[in-house]
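Observations on the three-dimensional arrangement
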Amino acid sequence: MGNNDFEKYAVAVIIVFGALIIGGLMAASMAFGHRNGFLFALGGATSAWISGNALLLDRPRIYALFVGIAALMLIASTITLVT
C-alpha cells in the first residue's frame, strides 16, 4: 500500500523537474536568441504532453514513442544552445 504513495510523489517530482528543464531550455534559448533551440524545446514539451495523455489512455507504445521523440528534441535543443 505504501508503494502507491511513493509512486504519486515520484510522478510529481518527475513532472515538476521535467517542466523546469523544458522551461529552462526554452527560456535560455530565448535569452540567447536561438530560435531553433526554442522550437526544439517547444516540440519536446508538446511531445511530452502528448505522451502524458497516451499514458492516461493506457497506450504504452504511443507513450514510449512520444517520450523518445521528446528526448531527441530536447537533446537537439541543448545541442543548438551549446553550439
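Everything discussed here concerns the structure shown above.
One structure accompanies this document, and this report is about it. This one's a predicted model, so the numbers in the text were calculated from it and none came from an experiment.

Bringing the packing of helix α2 (residues 35-56) against helix α3 (residues 60-82) into the picture now. Axis separation between α2 and α3 bottoms out at 8 Å; the angle between their running directions is 165°. As summarised for this structure, α2 and α3 are arranged roughly antiparallel, according to the angle between their axes. Read as a crossing pair, α2 and α3 show a hand that is left-handed. In this structure, α2 contributes N36, G37, F40, A41, G43, G44, S47, A48, I50, S51, A54 and L55 to the contact, and α3 contributes I62, Y63, F66, V67, I69, A70, M73, L74, A76, S77 and T80. Counted by class, the contact of α2 with α3 contains 15 nonpolar, 8 polar and no charged residues.

Moving on, we get to the nonpolar core. Listed in full, the 5 residues of the largest apolar core are I22, L25, M26, A41 and L74. The element contributing the most residues to this core is helix α1 (residues 2-32), with 3 residues. Those residues within four positions of I22 in sequence are excluded, and the remaining contacts are A41, A45, A48 and L74.

This paragraph deals with α2. For α2, which comprises 22 residues, the first-to-last C-alpha distance of 32 Å matches the rise-based estimate of 32 Å (1.5 Å per residue) to within 8%. Buried within α2 we find G37, A41, G43, G44, S47, S51 and A54. In a view along the axis of α2, the buried residues occupy a sector of 160°, so they form one face of it. Residues of α2 that are exposed and point over 90 degrees away from its buried face: R35, W49 and L56. D58 lies just past α2 and shows a positive phi near 60°.

On the surface, a nonpolar cluster with roughly 310 Å² of combined accessible area is contributed by V16, F17 and L20. Within the secondary structure layout, F17 lies in helix α1.

Before going further, it helps to spend a moment on the environment of I22. Considering the arrangement of structural elements, one finds I22 in helix α1. For the pair I22 and A41, spaced 19 residues apart in sequence, the C-alpha to C-alpha distance is 6.2 Å.

In this section: the side chain of S77. With respect to the secondary-structure elements, S77 resides in helix α3. Residue contacts for S77: discarding those within four places in its chain leaves L25, S29, G37, F40 and A41.

Next up on the list: unusual backbone geometry. Here D58, not a glycine, exhibits a phi torsion of approximately 60°, which is positive. Checked against the element boundaries, D58 lands in the loop between α2 and α3. Judged by its relative accessible area of 64%, D58 falls in the exposed class.

Definitions and cut-offs
- Residues numbered from 1 in each chain as written.
- Predicted model: local features only at pLDDT ≥ 70, side-chain atom pairs only at ≥ 80, totals over all residues.
- Heavy atoms only, no water.
- Axes fitted to C-alpha atoms, helices over the stretch in contact; angles between N-to-C directions.
- Helix = DSSP H or I, 4+ residues; strand = E, 2+ residues; numbered from the N terminus.
- Parallel < 35°, antiparallel > 145°, perpendicular 65-115°, else oblique.
- Left-handed = near helix turned anticlockwise from the far one by under 90°.
- Contact = heavy atoms within 4.5 Å.
- Nonpolar A, V, L, I, M, F, W, Y, C, P; charged D, E, K, R; others polar.
- Core = buried A, V, L, I, M, F, W, Y, C linked by side-chain atoms within 4.5 Å.
- Buried < 20%, exposed > 50% of the residue type's maximum accessible area, 1.4 Å probe, protein only.
- Expected span 1.5 Å × (residues − 1).
- Arc of directions from axis to C-beta.
- Patch = residues over 30% accessible without salt bridge, like charges linked within 9 Å, V, L, I, M, F, W, Y side chains within 5 Å.
- Areas by Shrake-Rupley, 256 points an atom, 1.4 Å probe, with all protein chains shown as cover.
- Salt bridge = Lys/Arg side-chain N within 4 Å of Asp/Glu carboxyl O.

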